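Given next are the chains, with one letter for each unit.
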Amino acid sequence: MRYSALAIDLDGTLLVGDEIPEANVNAVRAALDAGLEVIIATARWSHYALELGKRLGIDGPVIACSGAQVFDPALPGDVFDRRLPGEFVEALYAICNEERCIATVTLNDDVEIKMDGRPEQRFLTPEMRWTDRLRLMNGNVPRIAAIQGSRCGDRIRRELKEPFLDTVAVLDSIGPTGKIILTLTARDATKGAALAAACGHMGLDPAAVVAFGDAENDVDMFRIAGASVAMGQADAATKSEATYVSKANTDAGVAHAIHRLLDRGRL
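Presented here is an overview of the structure given in this document. Every value quoted in this text rests on a predicted model; they were computed, and no experiment measured them.

Conventions used here
Residues numbered from 1 in each chain as written. Predicted model: local features only at pLDDT ≥ 70, side-chain atom pairs only at ≥ 80, totals over all residues. Heavy atoms only, no water. Pairing = 2+ DSSP bridges. Helix = DSSP H or I, 4+ residues; strand = E, 2+ residues; numbered from the N terminus. Axes fitted to C-alpha atoms, helices over the stretch in contact; angles between N-to-C directions. Contact = heavy atoms within 4.5 Å. Phe/Tyr/Trp six-rings, centres within 6.5 Å; stacked < 30°, edge-to-face > 60°. Buried < 20%, exposed > 50% of the residue type's maximum accessible area, 1.4 Å probe, protein only. Lys NZ or Arg CZ within 6 Å of the ring centre and 35° of its normal. Core = buried A, V, L, I, M, F, W, Y, C linked by side-chain atoms within 4.5 Å. Salt bridge = Lys/Arg side-chain N within 4 Å of Asp/Glu carboxyl O.

**Digging into the sheet that holds strand S3 (residues 62–64)**
Reasoning step 1: Ordered by their spatial adjacency, 3 strands build an open sheet running S3-S4-S5, and the pairing between neighbours is antiparallel. The sheet is open, and its two borders are formed by S3 and strand S5 (77–81), each paired with just one other strand. Across the sheet, the axes of successive neighbouring strands diverge by a mean angle of 25°, strand direction being ignored.
Reasoning step 2: Direction of pairing for S3 relative to strand S4 (residues 69–72): antiparallel, over a ladder of 3 bridges. From the neighbouring strand, alanine 64 faces S4, where its bridge partner is glutamine 69.
Reasoning step 3: Where helix H3 (residues 46–56) meets the sheet, its contacts fall on S3 and S4, and the angle it forms with S3 comes to roughly 145°.
Reasoning step 4: Running over the sheet, helix H6 (residues 191–202) touches S3, S4 and S5 and is turned about 135° from S5.

**Structural notes on the packing of aromatic side chains**
Reasoning step 1: Taken as a whole and assessed by the stated rule, the structure comprises 1 aromatic pair.
Reasoning step 2: For the ring pair phenylalanine 88 and phenylalanine 164, a centre distance of 5.1 Å and an interplane angle of 80° mean the geometry is edge-to-face. On the criterion of sequence distance, the pair formed by phenylalanine 88 in helix H4 (residues 86–98) and phenylalanine 164 in the loop between helix H5 (150–159) and strand S10 (168–174) is long-range, its members being 76 residues apart.
Reasoning step 3: On the basis of relative accessible area, phenylalanine 88 is assigned to the buried category, the value being 1%.
Reasoning step 4: Note that arginine 44 overlies the ring of tyrosine 48, its terminal NZ or CZ placed 4.1 Å from the centroid.

**Re the nonpolar core**
Reasoning step 1: Among the nonpolar cores identified, the biggest contains 33 residues, and Leu6, Ile8, Leu14, Val210, Phe212 and Ile258 are the most heavily contacted of them.
Reasoning step 2: Looking at this core, the elements with two or more residues in it are strand S1 (5–8), helix H1 (10–14), helix H2 (22–33), strand S2 (37–40), H3, strand S12 (209–213), strand S13 (227–230) and helix H9 (253–264).
Reasoning step 3: Of the residues forming this core, the biggest block, 5 residues, is contributed by H9.
Reasoning step 4: Contacts of leucine 14, omitting those with residues within four sequence positions, involve Ile8, Asp9, Glu19, Ile20, Pro21, Asn24, Val28, Leu52, Leu56 and Val254.
Reasoning step 5: Counting residues in each nonpolar core, the second largest holds 23 residues, with Tyr93, Ile95, Leu160 and Leu184 among its members.

**Notes on the sheet that holds S12**
Reasoning step 1: Strand order in the open sheet made by the 5 strands is S2-S1-S12-S13-S14, with parallel pairing throughout. Looking at which strands have only one partner, the edges of the open sheet turn out to be S2 and strand S14 (244–245).
Reasoning step 2: Where S1 lies against S2, 4 bridges are found, and the strand directions are parallel. Paired with alanine 5 across the strands is glutamate 37, a residue of S2.
Reasoning step 3: The sheet strands contacting H6 are S1, S2 and S12, and the helix crosses S2 at an angle near 145°.

**Section: the pairing of S12**
Reasoning step 1: In terms of burial, S12 is largely enclosed, as 5 of its 5 residues are buried.
Reasoning step 2: Burial of the side chains of S12 extends over both faces: Val209, Ala211 and Gly213 are buried on one face and Val210 and Phe212 on the other.
Reasoning step 3: Taken together, the 4 bridges between S1 and S12 define a ladder with parallel strand orientation. The residue bridging alanine 5 from the neighbouring strand is valine 209, located in S12.
Reasoning step 4: Pairing analysis gives 4 bridges linking S12 to S13, with the strands arranged parallel. Within S13, the residue paired with alanine 211 across the bridge is serine 228.

**Topic: the pattern of salt bridges**
Reasoning step 1: Per the counting criterion, the structure on display carries 20 salt bridges.
Reasoning step 2: The partner of glutamate 99 in a salt bridge is arginine 155, with the nearest N and O atoms 3.0 Å apart. One end of the pair, glutamate 99, is in the loop between H4 and strand S6 (102–106); the other, arginine 155, is in helix H5, and 56 residues separate them in sequence.
Reasoning step 3: On the basis of relative accessibility, which here comes to 9%, the residue glutamate 99 falls in the buried class.
Reasoning step 4: Taking the relative accessible area as the measure of exposure, arginine 155 reaches 14% and is therefore buried.
Reasoning step 5: The network of salt bridges with common partners includes Glu98, Glu99, Arg151, Arg155, Arg158 and Glu159.

This is the structure:
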């Protein structure tokens, strides 16, 4: 089958740290020149995905917040928007405020980061604001919460995972430093559901999409797409769900798979 689009994860996939290897830049541009749509699909917020997309020449919708949001800058607005349940957020904030951690919550158009000690302003992008304590204000619940800190993460898994099993997804993802980050979204906020919504909005057949990823939160996207590529450093479970296992992200695994696809028409 002829593929018409690529859906590409960022951390641990397209990116190495916060940088895009030149080989990946050139491969994505080659895919665009060949007429493929490219959809960024990330656990990060939409502002970041849109800015990075501009650098690559991508101007279409992005999947953000690990599938809790599909944002189209042409509208501008959300095509898909799922939020964490308020009762869960109250319990989550209580744990995060009691424990030493870095907690990042993505709200409407801003991102709140809770950590001990105010970071230097140069480390905060315009949409980010620092707080020493998370507060649920006016029912403004986040699309996603990302938690760094083993003790805090252990408490969340132990105290909240089972009671909210039907409404909240508790997954591991890979952060920019390569460390595991606990990501929390609504149960129906997955990259798979978001990809289906994005495809419907863009007039694409999900079976004509190749999805790229490296972690547990990419697997639902693999299952919706017609084909999928796992990075070489991904865990065994993620690799087992992929159509093709490429090189590691540090060895431009995205570029390797894109060139293989462009050359052969398949993986």
